[in-house]
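Residues per chain are reported as follows:
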Amino acid sequence: MNLRVTTAAVPDAEKAVHWGRAVSSALAPVEVVPLADGPFDGRLDSHRLGCLRVSTLEADATRLSRTPGLIARTPEAEAQVAVGIQVSGRAVLTQDGRRAELTAGDLVLYDLARPYSVDYPQRFRSHVFHLPHRLLGVPEAEIRRVTGYAVTSQESLGAVLLPFLDTLADAAPSYPPAVGDLLAGSVADLVVTLVAELAGRPTAAPDDANAHLVRAVRAHVDRRLGDPGLTPQSIADAHRISVRYLHRLFEGEGVTVGRLIQRRRLEECARELGRRGRTAPTVSAVAQRWGFVNPAHFSRAFRAAYGTSPREWRARRADEA
């Protein structure tokens, strides 16, 4: 699907909503909040090159947010990795407790399977490339380690990748399908190289000497979500640190360790309950598989996170099939 949208002919009061719907349709469902008073103007061009989606966004100051609720309601977008290039204006992307500040010519990697927000404080233009996880062949834990870091054109791989992607986005409509497939493969190879380069840095955040330990803890949590014994104490023991030090590590992450465990478990439960198929495990079986021992506690936590019960969630997804 190729998509071109402009708000020029839309009434002022509806322009931000119209543009937000177009962005959600082309990229992934997001919340759109204008950051300035007055009329809003936005444009979007989106094209498909094989399994690569190439989009160009241009709009007035705005915030795009992908929330846990939107992620859980749209599992079709879960397996997508995005590469954003700032063409003009500024942007601040936040994901996994990290904050990437971008100016024109910078690049950032982020994951549509986890919450993020992007603030554009002034009129901007950005290219966004969406690739399936499967095309990269990179473990999810490794993707999680490298999201939310700005890459400039002065860095080794950035000097190669940024001009190539910028040119590709501008010329995307002109490529025939066979060429598009080949180009999508080339982009995937370059992104895999970018992930490897970012993951290999001694410290991804120079001002945080313990960033590598935070990443290790997050990966540990993901590997052991189904273990009911996964607790801050067990995590601290596995990494040979004190519980107090573990909590200190996460003071800048925007989430406590306990909340991280519960949030990730709920995300996996929502994802599994939302799958469509003739046979499906019971709600209690799903809860137990992801580490919830008490069904009543699971139901309360699920409703608090997603505004509906697990059974209602499953029924709604079935009705949408």
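In this text, all values refer to a predicted model and were calculated from it rather than measured experimentally.

Parameters at a glance
- Residues numbered from 1 in each chain as written.
- Predicted model: local features only at pLDDT ≥ 70, side-chain atom pairs only at ≥ 80, totals over all residues.
- Heavy atoms only, no water.
- Salt bridge = Lys/Arg side-chain N within 4 Å of Asp/Glu carboxyl O.
- Buried < 20%, exposed > 50% of the residue type's maximum accessible area, 1.4 Å probe, protein only.
- Helix = DSSP H or I, 4+ residues; strand = E, 2+ residues; numbered from the N terminus.
- Core = buried A, V, L, I, M, F, W, Y, C linked by side-chain atoms within 4.5 Å.
- Contact = heavy atoms within 4.5 Å.
- Pairing = 2+ DSSP bridges.
- pLDDT = per-residue confidence, 0-100.
- Phe/Tyr/Trp six-rings, centres within 6.5 Å; stacked < 30°, edge-to-face > 60°.
- Axes fitted to C-alpha atoms, helices over the stretch in contact; angles between N-to-C directions.

Q: Would you mind showing me how to read the pattern of salt bridges here?
A: All chains considered together, the criterion is met by 19 salt bridges. Here D111 makes a salt bridge to R114, at a shortest N to O gap of 2.9 Å. Classification of D111 as buried rests on a relative accessible area of 0%. Taking the shortest distance from any N to any O, the salt bridge between E267 and R264 comes out at 2.9 Å. Here the residue E267 and the residue R264 both occupy positions in helix α10 (residues 257-273), the gap between them amounting to three residues, near one helical turn. Owing to a relative accessible area of 5%, R264 belongs among the buried residues under this scheme. Connected through shared salt-bridge partners, D96, R98, D111, R114, R144, D222, R263, R264, E267, E268 and R271 make up one network.

Q: Explain the side chain of R218 to me, please; I cannot follow it from the model alone.
A: With respect to the helices, strands and loops of the structure, R218 is situated in helix α7 (residues 211-223). Judged by its relative accessible area of 4%, R218 falls in the buried class.

Q: For this particular structure, what's the right way to read the nonpolar core?
A: Looking at soluble globular proteins, one finds that nonpolar side chains tend to be buried together. Counting residues in hydrophobic clusters, the biggest one holds 31 residues, and the most contacted among them are L52, L107, F129 and L165. Listed by contribution, the elements that provide at least two residues to this core are β4 (52-59), β6 (80-88), β9 (107-111), β11 (124-132), α4 (140-146), α5 (156-171) and α6 (177-199). Counting residues per element, this core draws most heavily on α6, at nine residues. Residues contacting L52, with those up to four places away along its chain left out, are H47, F129, H130, L131, L168, A184 and V187. Grouped together as the second largest cluster of nonpolar side chains are 27 residues, L27, V32, L57 and L64 included.

Q: Where do I start with the environment of V255 in this structure?
A: Tracing the backbone shows V255 in the loop between α9 (243-249) and α10. Judged by its relative accessible area of 12%, V255 falls in the buried class. Separated by 159 residues in sequence, V255 and D96 place their C-alpha atoms 9.2 Å apart. Those residues in contact with V255 that lie beyond four places of it in its chain are R218, F250, L260 and R263.

Q: What exactly am I supposed to notice about the pairing of β6 here?
A: Two faces belong to every sheet, and in a regular strand the side chains alternate between them. Where β6 lies against β11, eight bridges are found, and the strand directions are antiparallel. Within β11, the position partnered with Q80 by the bridge is P132. The pairing of β6 with β9 spans five bridges and is classified as antiparallel. Directly across from V81, in β9, lies its bridge partner D111.

Q: Is there a simple way to explain the confidence of the model for the protein in this structure?
A: As a note on interpretation, predicted positions should not be read in detail where pLDDT is low. Residues at a pLDDT of 70 or more form 90% of the protein, whose mean pLDDT is 85. pLDDT under 50 marks residues 201-209. Its contacts with residues more than four places away, or in other chains, come to four contacts.

Q: I'm lost on the packing of aromatic side chains in this one. Help?
A: Aromatic ring pairs are reported here in terms of the distance separating the ring centres and the angle at which the planes meet. Going through the model one piece at a time under the given rule, you end up with nine aromatic pairs. On the basis of an interplanar angle of 75° and a centroid distance of 6.5 Å, the ring pair of W19 and F124 is categorised as edge-to-face. Separated by 105 residues along the polypeptide, W19 in helix α1 (residues 15-26) and F124 in strand β11 bring together distant segments of the chain. Residue classification places W19 among the buried residues on the basis of a relative accessible area of 0%. With relative accessibility at 1%, the residue F124 sits in the buried group. Note on Y306 and W313: the rings are 5.4 Å apart at their centroids and 40° apart in plane angle, and the pair reads as tilted.

Q: Where do I start with unusual backbone geometry in this structure?
A: Negative phi characterises most residues that are not glycine, and trans characterises most peptide bonds. A positive phi angle is found at D96, which is not glycine, with a value near 55°. Positionally, D96 belongs in the loop between β7 (91-95) and β8 (98-102).

Q: Explanation requested: the sheet that holds β8 in the structure shown.
A: Strands sit in the order β2-β5-β10-β7-β8 across an open sheet of five strands; the sheet is antiparallel. Edge positions in the open sheet fall to β2 (31-34) and β8, since each of these has one partner strand only. With strand direction ignored, the average angle separating the axes of adjacent strands in the sheet is 15°. Examined bridge by bridge, β7 and strand β10 (residues 116-120) share four bridges and lie antiparallel to one another. Residue pairing for β10: Q95 is matched across the bridge by Y116. Running at roughly 150° to β2, α1 makes contact with β2 and β5 (62-66) of the sheet.

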